[in-house]
Amino acid sequence: MLEQFRYFYEKYRSERSAELAAAFDITSCGISVVYYDIALSVRYARAVLACERVNAEKVLGQMTRLLSVSMRRFGIPARDIKAVGAAAGTHITTLLESSLTPTELRLAPETEIYVLPYISAGIGGRFTASLLTLPEGGFAAADIGKSVCTAVKTGGGLKCAAFPLAGAFGCSALTFGMPAENGAIVSVYSNADGLCYSVLGDGDALGIAPCAAAEAVALMLDRGTLDSFGILTDRDRFTVGEELFLTQGDIRALQTDKARCAAALELMLGEAEPSARTFLSGEPFAEGGLKALLKLGAVPRQCAGAAFCRNSAEQGVINCIVGGEYRRAAQELVMSARDITAQLLPEFDEIYIKNLEFGENL
């Protein structure tokens, strides 16, 4: 992953009210904050701190820093922030529950703070937020990042599982990995002129998003420069754009994540009812990522018609900030959900090994 932190800003509209909420989404590789206009019921702006490691020791300072620089950038005074919500992994969630205060964030003392609860030691508040965006009824859902979290809702209740990934699909294990923000290469393809790529925001390429890395691997396999065992056949790196490239180590991490995702999603579909809709989210699903993941075999063919997005957690946090019914739903969800990871592990390992090679879907 790129190790030099960067800020990204996006303003959606020029007008706003004086009642805003700040919705934080916290991953191991960065933090985003969406400013939601409570009075107008619209998103006002978004800011991101990317390409910086996030852990329990640094997260409070990083959140305060991101909030300060983005409020200054968007001209938002502290008095206009009426509520703050946050979703993170389990370890950081436990810290935020006890330590996140308006004073820590340099906001007015009366600012409301809400931290989404976690489901289990391996399934954090980010996945809770993601699940709160889904419609009523049965479903199968997965969010891919540092781990692949899955959930199945049937008449028998909600079952969840989580399996760790190597980090390629969450940016951290790629040499030039970065989220799909401005400056990220988000698409890699070939035409009559040779290898082509597109950069989000049409500026200079800064790094490679997981969705583009998956497309690059599929392209290498098509060209024969990568064999079915994941070994580069005629070089030690694959240049994607300018001075950005994928190394053999990057490809190994992508191969591992591909096989682990395939195993987790196969088990998820095995628990779901045949009529259940499937919902997928995570960095690999930006731009044309789903098509590439289907081609590589990271996502089973049964998921070809799934609803998907890059980030569902942000909207889940917004829902909880502005709607008391969502907070009640969050509490009910974490109390009723069953983490069945342990009972799935033996079968998961077998399916993972089976899916390590490339080629079946190409």
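The shown structure was predicted, so the numbers you read here are calculated from the model rather than taken from an experiment. (Residues numbered from 1 in each chain as written. Predicted model: local features only at pLDDT ≥ 70, side-chain atom pairs only at ≥ 80, totals over all residues. Heavy atoms only, no water.)

Describing the overall build of the chain
Rule in force here: Runs of E in the DSSP output that reach at least two residues are strands. Runs of H or I that reach at least four are helices, and both are numbered from the N terminus. To get the radius of gyration, use the C-alpha atoms; to get the globule rule, take the number of residues to the power 0.38 and multiply by 2.2 Å. Burial here depends on accessible area, computed with a 1.4 Å probe over protein chains only, as a share of the maximum for the residue type. Under 20% is buried, over 50% is exposed, and the range in between is partly exposed. Only heavy atoms matter for contacts: two residues are in contact if any of them lie within 4.5 Å across the pair.
Scanning the chain for helices and strands turns up nine helices and 17 strands. A compact globule built from 362 residues would reach a C-alpha radius of gyration of about 21 Å, and the chain, at 20 Å, matches this within 12%. Looking at the chain as a whole, 57% of its 362 residues are labelled buried. Sequence-distant contacts in the chain: of pairs separated by 6 or more residues, those separated by 24 or more amount to 69%.

Looking at the pattern of salt bridges
To keep it simple, the criterion reads: Just to be clear on terms, a salt bridge is a Lys or Arg side-chain nitrogen sitting within 4 Å of an Asp or Glu carboxyl oxygen.
Within this structure, the stated rule accounts for 15 salt bridges. Ionic pairing is found between glutamate 314 and arginine 43, a salt bridge with its closest N-O pair at 3.6 Å. With glutamate 314 in helix H7 (residues 313–322) and arginine 43 in strand E4 (residues 42–50), the pair connects residues that are 271 residues apart, well separated along the chain. Looking at arginine 43, the relative accessible area reads 24%, which means it is partly exposed. Here lysine 354 ties to glutamate 266 by a salt bridge, and the two come within 3.7 Å at their closest N and O atoms.

Description of helix H6 (residues 289–296)
Among the eight residues of H6, six are classified as buried, and the element is accordingly described as predominantly covered. Among the structural elements, helix H4 (210–223), helix H5 (248–271), strand E15 (277–282) and strand E16 (307–309) are those in contact with the buried residues of H6. Just downstream of H6, glycine 297 is the residue with a positive phi angle, here 90 degrees.

Comments concerning unusual backbone geometry
For cysteine 51, which is not glycine, the phi torsion reads 60 degrees and is therefore positive. At arginine 106, a position not held by glycine, the phi torsion is positive, near 65 degrees. Along the polypeptide, arginine 106 turns up in the loop between helix H2 (90–99) and strand E6 (112–115). What makes arginine 106 exposed here is its relative accessible area of 62%.

Re the side chain of threonine 128
Structurally, the position occupied by threonine 128 is in helix H3 (residues 125–131). Take threonine 128: its relative accessible area is 0%, and that puts it in the buried class. In this structure, threonine 128 is in contact with Leu116, Pro117, Tyr118, Ile119, Ala330, Leu333 and Val334, ignoring residues within four places of it in sequence.

Regarding the pairing of E15
Quick reminder of the rule: Strand pairing is defined by DSSP finding a minimum of two bridges between the two strands. For a crossover, the right-handed case is the one in which the path from the first strand over the helix to the second runs clockwise, viewed with the strands pointing away from the viewer.
Taking burial as the measure, the six residues of E15 include five buried ones, the bulk of the element. Relative to E15, strand E7 (residues 139–144) is paired through six bridges, and the arrangement is parallel. Each bridged residue has a counterpart across the sheet, and for alanine 140 the counterpart in E15 is threonine 278. Assessed by its sense of winding, the connection that carries the chain from E15 through H6 to E16 is right-handed.

So yeah, pure geometry; function would need other evidence.
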